[in-house]
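The chain contents come next:
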Amino acid sequence: MEKEIRALKQALAKANRVAALTGAGISAESGLPTFRGADGLWRNHDVMQLATPEAFSMDPKLVWEFYNWRRNLISGLTFNPGHKALVDLEAGIDHFTLITQNVDGLHLKAGSKNLLEIHGNLWKVKCTKCQTVTVDMSSDMGPLPKCKECGGLLRPQVVWFGESLDYGLLNRAVEAARACQLMLVIGTSAVVQPAASLAFEAKAAGAVVAEINLEKTPNSGIMDFVLLGKSGDILPKLLEHRP
Ligand code: OAD
């Protein structure tokens, strides 16, 4: 592992276009359960069944209860050394793009700048009637929050299963993947598309690709580096003694 970290550090030192793709694993050390881990249940509901437009139209109160629970949980959490290492990495690289599937806002809280939140952000809400998007940092939005403009029902501004990603954001993510010399793929099970395919875009365009995860994933086979362990341990090591 130490040898691999050294080799990846060397590759990073040569790259001035770097992209990173993160998933729920990077926030696990902040205390946030991942989606597909053993803790991916909320009151015995599979969270992936709640994060759907169907669940919201059937039982908006239940879905809001889940998101209020997440808001409350996340408002008490902070970024961890993994998030911080990506901020430090960005500061030392000419062109750095951070693409995240996380909606928790912890990358922003840590200070990442060129950030693409391709699955949205939990702290934003959108009116289902007039489509107005607003930021609301309340840790509890109440059972059925309403739009201040038109009274319509609000929903979390996150991409649910079966919904399309924002085209502009996805386009920028694909461009960053194709343009980078090195991509770090951190804490994602690599099963949700199109995010999982970004590593293939990078690899196909000639980039070095490196995965940091507790375990191997369906993407491990294309990786130049697979570093198994906690992102909060490994990412800071990649930055040690970096000028
Ligand atoms: P998953 O829960 O599917 O995967 C989390 C990954 O993080 C797993 O591969 C774990 O092995 C790894 N992991 C856990 N702790 C880690 C740590 N400390 N350090 C490094 N790796 C760790 O989460 P995602 O891949 O993010 O979508 O899931 C993708 C999308 O599916 C999410 O954005 C969400 C979900 O449904 C939407 O909400 C649209």
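For clarity, every value in this text was computed on a predicted model and none was experimentally measured.

## Digging into the nonpolar core
Judged by nonpolar contacts, the single largest core of 26 residues is most densely connected at Leu 86, Leu 184 and Leu 235. Those elements giving two or more residues to this core turn out to be helix 1 (2-14), strand 1 (17-22), helix 6 (81-91), strand 4 (95-100), strand 9 (182-186), strand 10 (208-213), strand 11 (225-228) and helix 10 (231-239). Setting aside residues no more than four positions away along its own chain, Leu 184 makes contact with Leu 8, Ala 19, Ala 20, Leu 21, Leu 89, Ala 210, Leu 235 and Leu 238.

## Thoughts on the side chain of Ser 231
Tracing the chain through its elements places Ser 231 in helix 10. Excluding residues that lie within four positions of it along the chain, Ser 231 makes contacts with Gly 25, Ile 26, Glu 29, Gly 82, Ile 186, Ile 212 and Pro 236.

## Here's the deal with the packing of aromatic side chains
In this structure the tally under the stated criterion is four aromatic pairs. Ring geometry for Phe 56 versus Trp 160: centroids 5.2 Å apart, planes at 45°, classification tilted. Here Trp 160 lies in the loop between strand 8 (154-158) and helix 8 (167-179) and Phe 56 lies in helix 4 (residues 53-58), a separation of 104 residues in the sequence. Taken as a pair, Phe 56 and Trp 160 share a single burial class, namely buried. Aromatic pair Phe 66 and Tyr 67: ring centres 5.0 Å apart, planes at 70°, arrangement edge-to-face. Accessibility classification places Phe 66 together with Tyr 67 in one group, the buried group. Put simply, the rings of Phe 56, Phe 66, Tyr 67, Trp 69 and Trp 160 pair up and form one aromatic cluster. Its end group placed over the ring of Trp 160, Arg 155 keeps NZ or CZ at 3.9 Å from the ring centre.

Conventions and cut-offs
Residues numbered from 1 in each chain as written. Predicted model: local features only at pLDDT ≥ 70, side-chain atom pairs only at ≥ 80, totals over all residues. Heavy atoms only, no water. Core = buried A, V, L, I, M, F, W, Y, C linked by side-chain atoms within 4.5 Å. Buried < 20%, exposed > 50% of the residue type's maximum accessible area, 1.4 Å probe, protein only. Helix = DSSP H or I, 4+ residues; strand = E, 2+ residues; numbered from the N terminus. Contact = heavy atoms within 4.5 Å. Phe/Tyr/Trp six-rings, centres within 6.5 Å; stacked < 30°, edge-to-face > 60°. Lys NZ or Arg CZ within 6 Å of the ring centre and 35° of its normal.

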